[in-house]
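Secondary and tertiary structure notes
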Amino acid sequence: MRDLVIMPAMAQRRESLNMGEFAEEAIIVEEVAAPKRVNHFIEANTQEVTLQHLQQDCIIPSFASMEETISHQSFIGAVVDAAKDYFHGEQFDMPEIRISHPINGRIPSALGKKASELTDKEKTLFYQRMCFCFEIPSIVHDEYGNRLALSIGGVRAYNEINLYSKKSVERFKIFIGFRNRVCSNLMLTTDGLQDKIEVLSVQELYAAALNLFHAYNPSKDLHLLRTLGQMSISTSEFCQIIGRMRLYQALTPNQQKRLPRLLLGDSQINAACRAFVSDANFKSTGDSITGWQLLNLLNGSVKSSYIDNFLEKNLNCTEFVQGIQRAKLGDSEYAWFLG
């Protein structure tokens, strides 16, 4: 695991703070957060919020038994704590938090009031869906001119549990993988995603995150990305793949079952086509593109997905491009998409 640390945090800090005879005159300012990025790891109908907003302005939903759920901020805190304990001594960016589906309410004493008459203290708010992601900027890798940073995050959607019953297990998703700093695309593999975590407490969340970090092999992911960059896909093959992806949507359920799973819909396929022509970083500039470019075109297209199915679609992009790679080498599983 440690062999992948391209920029060891402690050594880098010692070097940057070695000011010799000027130490007495210098004022060292510790950086606590990375500059705000233009690109987000997910877009769709989401909005960016701060951890402080979740802590101070949002209520915590309860089960019908009045037992509280695990709050969004507690979820984030458990994963961040697990990451800091496992990757001890590394640098960590502040989490980027995206939310959707706000649930507005009011306190009991405000019943009967007009909405325009409600004060801020009489309003309640929580978000049905939330996702977050943070980078470890001291663990990076350069691939095909793109800087990849190890990233960690999670997704939570209250609509996946029944709040109208007594307290039961709550569902979460946690991921770890590399994030392309050029475009903020996440590149997730099966080893880096736990999409069915069911827990009763924050402590169990912390343990689940540690288990994921321990099982994850970043060298395997980097090898995959490197080999995808060595695969060439001609323009005619790309058109064939896109056509088959569109045709897949029209197949009957039984016909789809005989083929590899494809979660991308028309909107994502259309976005990938536009990016093939116009994306500043991964568009075609000749008669072919690489598997690396195809992966990023597809990953960029799923950033328009809803929070609760974003990670599954992101993983499906990786599985799909890997399948195309195997098909070009003679494997039959994904051969249908190459015609």
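In this report, the structure presented in the accompanying data block is examined. Since the structure is predicted, the reported quantities are computational estimates derived from the model, not experimental observations.

Digging into the overall build of the protein
Helices and strands together make up the secondary structure of the protein, namely 11 helices and 9 strands. The proportion of buried residues among the 339 residues of the protein is 47%. In the protein, the proportion of contacts linking residues at least 24 apart, taken out of those at least 6 apart, comes to 72%. Summed over its atoms, the accessible surface of the protein is roughly 17,200 Å², and 51% of this surface lies on carbon and sulfur atoms.

A closer look at the nonpolar core
In this structure, Phe87, Ile152, Leu205, Phe213, Met245, Leu298 and Phe320 are the most contacted members of the largest nonpolar core, which totals 86 residues. The two domains that each donate at least three residues to this core are domain 1 (47-216) and domain 2 (231-337). With residues up to four places along the chain from it excluded, the contact list for leucine 298 reads Met245, Leu264, Ala272, Cys317, Phe320 and Val321. Counting residues in hydrophobic clusters, the runner-up holds 5 residues, among them Phe126, Tyr158, Ile161 and Leu163.

Things to note about unusual backbone geometry
Here histidine 101, not a glycine, exhibits a phi torsion of approximately 55°, which is positive. Note on placement: histidine 101 falls in strand 2 (residues 96-106).

Some details on the pattern of salt bridges
Counted by the stated rule, this structure contains 17 salt bridges. In this structure, glutamate 96 and arginine 179 form a salt bridge, with 3.1 Å as the shortest nitrogen-oxygen distance. With a gap of 83 residues between them, glutamate 96 in strand 2 and arginine 179 in strand 5 (residues 170-180) connect regions that are remote in the sequence. Grouping residues by exposure puts glutamate 96 and arginine 179 together as buried. Glutamate 319 is the salt-bridge partner of arginine 261, the closest N and O atoms lying 3.7 Å from each other. Of the two residues, arginine 261 is situated in the loop between helix 7 (253-257) and helix 8 (266-278) and glutamate 319 in helix 10 (residues 307-328); the sequence distance between them amounts to 58 residues. Sharing partners across several salt bridges, the network here consists of Glu96, Glu135, Arg179 and Arg181.

Overview of the packing of aromatic side chains
Counted under the stated rule, the structure contains 17 aromatic pairs. Each ring, one from tyrosine 86 and one from phenylalanine 213, has its centre 6.2 Å from the other, and the planes form 50°; the classification is tilted. Within this pair, whereas tyrosine 86 is found in helix 3 (residues 72-86), its partner phenylalanine 213 is found in helix 4 (residues 202-215), the two being separated by 127 residues in sequence. The exposure class of tyrosine 86 is partly exposed, given its relative accessible area of 27%. Their ring planes at 10° and their centres at 4.0 Å tell us that phenylalanine 238 and phenylalanine 276 sit as a pair that is stacked. Of the two residues, phenylalanine 238 sits in helix 6 (residues 235-250) while phenylalanine 276 sits in helix 8, which places them 38 residues apart along the sequence. Its relative accessible area of 4% is what places phenylalanine 238 among the buried residues. Given the relative accessible area of 11%, phenylalanine 276 is considered buried. Through a chain of ring-to-ring contacts, the aromatic side chains of Phe75, Phe92, Phe132, Phe134 and Phe172 assemble into a single cluster. Over the face of the ring belonging to tyrosine 306 we find arginine 129, whose NZ or CZ atom lies 6.0 Å from the ring centre.

Some thoughts on the state of the cysteines
The tally for this structure, following the rule as stated, stands at 0 disulfides. Cysteine 131 provides the cysteine sulfur closest to cysteine 133, a residue in no disulfide bond, and the two sulfurs are 8.7 Å apart.

Section: helix 6
Counted at 1.5 Å a residue, the expected span for helix 6 with its 16 residues is 22 Å, and the 23 Å between its end C-alpha atoms agrees. Looking at helix 6, one finds that the buried residues are Phe238, Ile241, Ile242, Met245 and Tyr248. Along the long axis of helix 6, the arc covered by the buried residues comes to 115°, so they all point the same way. Exposed residues pointing more than 90 degrees away from the buried face of helix 6 are listed as Ser236 and Ala250.

So, how was this worked out
The numbering scheme is per chain: residues are counted from 1 as the chain's sequence reads. With pLDDT at 70 or above as the cut-off, local features in this predicted model cover only qualifying residues; side-chain atom pairs require 80 or more to be listed or tallied, and sums for whole chains, interfaces and linings still use all residues. The basis for every side-chain value is the complete set of non-hydrogen atoms in the structure, without hydrogens or water. By the criteria applied, helices consist of DSSP H or I runs no shorter than four residues and strands consist of E runs no shorter than two, each listed in order from the N terminus. Any residue under 20% of the maximum accessible area for its type is buried, any over 50% is exposed, and the rest in between are partly exposed; the area is computed with a 1.4 Å probe on protein chains only. In what follows, a contact means two residues having at least one pair of non-hydrogen atoms within 4.5 Å. Values of accessible area rely on a 1.4 Å probe in the Shrake-Rupley scheme; residue burial ignores everything except the protein chains shown. Side-chain atoms within 4.5 Å are what join buried Ala, Val, Leu, Ile, Met, Phe, Trp, Tyr and Cys residues into a set we call a nonpolar core. Domain start and stop positions are those given by an automatic or database domain assignment. The term salt bridge refers to a pairing of a side-chain nitrogen on Lys or Arg with a carboxyl oxygen on Asp or Glu at a separation within 4 Å. Centres within 6.5 Å make a pair out of two Phe, Tyr or Trp rings, where for Trp the six-membered ring is used; the pair is then stacked when the planes are under 30 degrees apart, edge-to-face when over 60, and tilted otherwise. Two limits define a charge over a ring: the Lys NZ or Arg CZ must be within 6 Å of the ring centre, and within 35 degrees of the ring normal. Two cysteine sulfur atoms make up a disulfide if the distance between them is within 2.5 Å. An expected span of 1.5 Å times one less than the residue number is assigned to each helix. What the arc covers is the set of directions going from the helix axis to the C-beta atoms.

Just geometry here; none of it tells us what the structure is for.
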